[in-house]
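Chains, contacts and geometry: an overview
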Amino acid sequence: MSPQQQRVRFDSATEGFDPPFALVDLDAFDHNATELVRRAGGTPIRVASKSVRCRALLERVLAVPGYAGLMTYSLAEAMWLFAEGTCDDLLVGYPTTDRATLQKLAVDEAARGAITIMVDSVDHLDLVDDALGPGHPDIRVCLELDASWRPLNGSRRLHVGPLRSPVHTAAQATELTRRIIDRPGFTLVGIMAYEGQIAGIGDAPPGNPLRGMAVRWMQGKSAAELAERRAAVVAAVRALAPLEFVNGGGTGSLELTSAEKSVTEVAAGSGLLGPTLFDGYRSFQPRPAALFALPVVRRPGPNVATLFTGGYPASGPIGEDRLPSPYLPAGLKLTKLEAAGEVQTPVTGKAADRLRIGDRVWMRHAKAGELAERFREFHLIRGYQVERSAPTYRGEGQAFG
């Protein structure tokens, strides 16, 4: 389908709605879900909820064969999703210091059986003990392994990847495992490692082939080192405690991570919605599934149209790649001076001359889940019709930081 046909489809399906609003193209979403399963090669995919933040979409993808469980970003979020019946296998992907919700978890036997929290130090165990008091029921925990690449013989002087867990070696993982299994009130059930330097960095950045070559070299070296180290860590921990799962990867590394024999499941989420940060990969190209519409409110001059609102930058290092991008009609771009503004966003290009006051410009966000923090609902379209309008987390009155 041509860009113009896509634009007609989106406009027709949502003609009864006044922009700004957001939609999810279910045809593209389902295609992306199928592609992720294919890329995982039979390894189950745990869905990263932070990249979706809409229960209807989480439930939709969990019903697809090949998906199993959620990786949430907050303990309170995990408790809410469990209570709502969205999922009964929830891994909290980041350590929690939420004492009030830990107390709720401790007194809910069903939730304790469904939810696993993340730890990477004895300090996390101490915090849970302090929040719950002595003799608390067993809390399921997952040990997070640092998946970064340290090319200088493991020295911290050169660290390539996210700054997450302090546990980097098999020896460190063994020591923490011993501390966990010797500690009443905790059950070690899993290991998780997120290789952000592979999964989250595109290896074919548009217009920068030299950077692409450097990224591919780094990722090849890092992947080889991590596969060997992760296998050693898993073997060492399994010698001390039975593990239910070993989680790794992300949308950008499914093929590599799922090929590791020590990994039992992979994580993915952004690839379902196809934000612009995932345009720069050689091995896959998700279809843009999440879009937002902004209305034209001014025509300042030739080749220029000004849109209402639109200043939705993504988190991460400051740069143009974190800004939303004009998508349809094709040929528009942001201006250098204003970019995406708080209450107005000018766009330029010959296509602007064909826009009238009240027309829509369709935009793509740089990251997947953060769009849900801007809108109370997603209009879910199939073909030329809105199948339903589903609340986002924000639309359900939920905010987890």
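Residues numbered from 1 in each chain as written. Predicted model: local features only at pLDDT ≥ 70, side-chain atom pairs only at ≥ 80, totals over all residues. Heavy atoms only, no water.

Per an unreviewed UniProt entry, the recorded name for the protein is D-serine deaminase-like pyridoxal phosphate-dependent protein, and the organism is Kutzneria kofuensis.

**Considering the domain arrangement of the protein**
Per the domain assignment, the segments making up the protein are domain 1 (26-271) and domain 2 (290-396). If you look at the interface, domain 1 gives 19 residues, while domain 2 gives 17 residues. Regarding the contact of domain 1 and domain 2, the summed buried area is about 1400 Å², with carbon and sulfur atoms giving 53% of it. Taken together, the links from domain 1 to domain 2 amount to five salt bridges. Residue Asp27 is joined to Arg382 by a salt bridge in which the shortest nitrogen-to-oxygen separation is 2.8 Å. At the surface where domain 1 touches domain 2, the tally comes to nine residue pairs in polar contact (both at pLDDT 80 or more). Considering every element that reaches the side of domain 1 that touches domain 2, the biggest residue donor is helix α3 (residues 55-62), with five residues. Each residue belonging to the side of domain 1 that touches domain 2 can be placed in one class, and the counts come to nine nonpolar, three polar and seven charged. (Domains from an automatic or database assignment. Contact = heavy atoms within 4.5 Å. Buried area = accessible area lost by both parts, 1.4 Å probe. Salt bridge = Lys/Arg side-chain N within 4 Å of Asp/Glu carboxyl O. Polar contact = N/O pair within 3.5 Å; in protein donor to acceptor, adjacent residues only side chain to side chain. Helix = DSSP H or I, 4+ residues; strand = E, 2+ residues; numbered from the N terminus. Nonpolar A, V, L, I, M, F, W, Y, C, P; charged D, E, K, R; others polar.)

**Section: the packing of helix α8 (residues 170-181) against helix α10 (residues 209-238)**
Relative orientation of the contacting elements α8 and α10 amounts to 25°, with a least axis distance of 9 Å. Between α8 and α10, the crossing angle belongs to the class labelled roughly parallel. In this structure, α8 crosses over α10, and the sense of that crossing is right-handed. Contact with α8, carried on its side by Ala170, Ala173, Thr174 and Thr177, involves Ala232, Val233, Ala236 and Val237 of α10 and no other residues of that element. When its residues are assigned to classes, the contact of α8 with α10 shows six nonpolar, two polar and no charged. (Axes fitted to C-alpha atoms, helices over the stretch in contact; angles between N-to-C directions. Parallel < 35°, antiparallel > 145°, perpendicular 65-115°, else oblique. Left-handed = near helix turned anticlockwise from the far one by under 90°.)

**Looking at α3**
Of all eight residues in α3, six are buried; the element is thus mostly enclosed. The complete set of buried residues in α3 reads Arg55, Ala56, Leu57, Leu58, Val61 and Leu62. (Buried < 20%, exposed > 50% of the residue type's maximum accessible area, 1.4 Å probe, protein only.)

**Details of the layout of surface pockets**
Size it by volume and the second largest pocket reaches roughly 250 Å³. What lines the second largest pocket is simply Glu320, Leu323, Pro324, Ser325, Pro326, Leu332, Lys333, Leu334, Thr335, Lys336 and Ala339. Listing elements by their share of the lining of the second largest pocket, those giving two or more residues are β12 (325-328) and β13 (333-334). Here the residues of the lining of the second largest pocket are counted per class, giving six nonpolar, two polar and three charged. (1 Å grid on protein atoms, 1.4 Å probe; cavity = no way out; pocket = protein on both sides within 12 Å on 5 of 7 lines; lining within 4 Å. Points joined across faces, edges and corners; volume = space filled by probe spheres on them.)

**Here's the deal with the UniProt feature "domain: Alanine racemase N-terminal" (unreviewed entry) in the protein**
Mapped onto this numbering, the UniProt entry gives "domain: Alanine racemase N-terminal" (unreviewed entry) at residues 24-274. End C-alpha to end C-alpha, residues 24-274 measures 10 Å, and it is 45% helix and 17% strand. (UniProt positions renumbered as here; feature names shortened; annotations may be inferred.)

**As for the state of the cysteines**
Two cysteines, two sulfur atoms, one covalent bond between them: this is a disulfide. All told, the structure shown has zero disulfides when counted by the stated rule. Between Cys54, a free cysteine, and Cys87, which holds the nearest cysteine sulfur, the sulfur-to-sulfur gap is 15 Å. Cys142 forms no disulfide, and the closest cysteine sulfur to it belongs to Cys87, at a distance of 15 Å. (Disulfide = S-S within 2.5 Å.)

**Thoughts on helix α5 (residues 99-106)**
Looking at α5, one finds that the buried residues are Thr101, Leu102, Leu105 and Ala106. End-on, the buried residues of α5 take up no more than an arc of 145°, which puts them together on one face. (Arc of directions from axis to C-beta.)

**Overview of unusual backbone geometry**
Following Pro19, the chain continues to Pro20 via a peptide bond in cis, the omega torsion being 5°. Along the chain, the position of Pro20 falls in the loop between α1 (3-13) and β1 (21-25). A positive phi angle is found at Arg53, which is not glycine, with a value near 55°. When its relative accessible area of 10% is taken as the criterion, Arg53 is described as buried.

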